[in-house]
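Inside the fold
So you can see what is in the structure, the chains are spelled out below.
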Amino acid sequence: MITKREFLKAGSAALALPFGMGLLLSHAADGVIELRAQAVEMPVTSGSSVASPLWLYNGETPGPEIRVRQGDRVRVRFFNDLKVPTSIHWHGIRIDNAMDGVPGLTQKPVLPGERFDYDFIVPDAGTFWYHAHFDGFQQVARGLYGALIVEESDAVFAPDREITLILDDWWIEQDGSFADGFEDYLQGKQGGRIGNVITINGESLDSSRTVKAGAWHRLRLINAANARIFHLDVSQLAGRLLALDGFAIEPREIDELVLAPAQRADFSFRLEAGQRTSVLDASGTLGKPNDNGGSTTVFCFEGDAAGTNPNNVEPTLRKAILPDPNLDKALRVPLLMQGGSLSSVQKAVYAGAIRTREQLNEEQQVWTFNGIANLPKEPLFSVPVGTSVIIEMQNKTGWQHPMHVHGHHFKVIKGNSSRPSDVWQDTVLVGRMSDLQIAFVADNPGKWLLHCHLLQHAVSGMRTWFEVTT
Ligand SMILES: [Cu+2]
């Protein structure tokens, strides 16, 4: 059995990058990016020799990092080499609806052996990601995701001062096979598929990266896990939080970062020569405490031996200007969230008919929005373009839900999201048994998904949609 490193050396055409990821540029060559979804037997972590049946973009985990510039037209020629249908969703991009990658709502699934050309403009600079959006609970868990980085039109950080880290967890057996074959029903009723192997760009916990001493770096973090909410102690990072869900914020120092599935966070940081800094696990659930009796190190950086550059000024990001919703005139949309293993719900609508609790259990539809499990025929709401909308989420379940709105960014106007309230975001963590309100201007025409990004929750009921009409 070969290790992942040997595998990459032997078979991958990926460009050599400082941090080991393949790279695809839209503003290179003919500007068309080629992505292939493929089944690949390889280990999930470098150094391991136990292969898992992964599904990957271009045979890489994470998939190749796509780098484009703000305002670019992005063209992706996508081939499905898998034996199952799939599609790609461009998470967080305020995209043309037809390119959003949601089978059943915005496109047909891309069948085995077929091709789909994605073609869209990226209006906002920031840290985004792409992932499969068909049977996502399985396809994302098997590795179908990658970073989508939209650079500012004028480069803010030097290219070799940029570090993208994708956090994931995998639930695999000793022999490398995926635990439960993606059929564990009970997990879907609770906190979802939490893995037993953590990876950071395919490296295991405590991986170290050398950075240029004295220079400001930009760290882009992406949580690609199905269900795991990362609690990171970033107090040692000696940097500042620059952006959340791709969008620039007022830079600030923070000690702890809660990163729910699909969320992103950008930091600036700088190290002196020989200085080492660690990002630690604040949840107490990752790995084992280190020899010093402290928290587990998730990843760390070390300044190289080069001299410092005292003239180096910390770069800052330009804030995106999005229209603020008119809260007085906004359409208020209640969203009652129910279900899960502790639920008392006795009946709900599924596929257009009222079902009993037993029937819902049989159909594995155990979560509901407003009494409906999974995509209803009618939208949650339909509004003309430009309408301000407030979604009043009432989480009556004993679980947390990272709620994601497609095609738009929103602000939290009421409730605790464990994030600053003045930021635009596309995924918000709604606490158990709590209320939270988000607001945005529905300014992107089309049919948009609104769902829980805990992917087993989504497939077993926590999905709805809304319509923005012209
Ligand atoms: Cu959920």
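Residues numbered from 1 in each chain as written. Predicted model: local features only at pLDDT ≥ 70, side-chain atom pairs only at ≥ 80, totals over all residues. Heavy atoms only, no water.

In this structure, the second largest pocket spans a volume of roughly 350 Å³. Looking at the second largest pocket, it is lined by 18 residues, and the ones nearest its centre are H133, F134, D135, G136 and R463. Only β8 (126–132), α2 (136–139) and α5 (455–459) provide two or more residues apiece to the lining of the second largest pocket. In terms of residue count, α5 provides more of the lining of the second largest pocket than any other element does, three residues in total. The residue inventory of the lining of the second largest pocket, partitioned by class, reads nine nonpolar, seven polar and two charged. (1 Å grid on protein atoms, 1.4 Å probe; cavity = no way out; pocket = protein on both sides within 12 Å on 5 of 7 lines; lining within 4 Å. Points joined across faces, edges and corners; volume = space filled by probe spheres on them. Helix = DSSP H or I, 4+ residues; strand = E, 2+ residues; numbered from the N terminus. Nonpolar A, V, L, I, M, F, W, Y, C, P; charged D, E, K, R; others polar.)

Next up on the list: the side chain of T199. Considering the arrangement of structural elements, one finds T199 in strand β11 (residues 197–200). The exposure class of T199 is buried, given its relative accessible area of 1%. A polar atom in the side chain of T199 sits 2.8 Å from the side chain of W170. When near neighbours in sequence (up to four residues on either side) are disregarded, T199 contacts V44, T45, I166, L167, D168 and W170. (Buried < 20%, exposed > 50% of the residue type's maximum accessible area, 1.4 Å probe, protein only. Polar contact = N/O pair within 3.5 Å; in protein donor to acceptor, adjacent residues only side chain to side chain. Contact = heavy atoms within 4.5 Å.)

Coordination of the copper ion by the protein comes from H401 (ND1), C452 (SG) and H457 (ND1), over a distance range of 2.0 to 2.1 Å. Counting residues between consecutive donors of the copper ion along the chain gives the motif H-x50-C-x4-H. Of this pair, H401 sits in strand β28 (residues 401–405) while H457 is found in helix α5, placing the two residues 56 residues apart along the sequence. Under the relative-accessibility criterion, H401 is labelled buried at 0%. According to the relative accessible area criterion, H457 is buried, its value standing at 0%. (Donors = N, O, S within 2.8 Å, 3.2 Å for Na, K, Ca; no water.)

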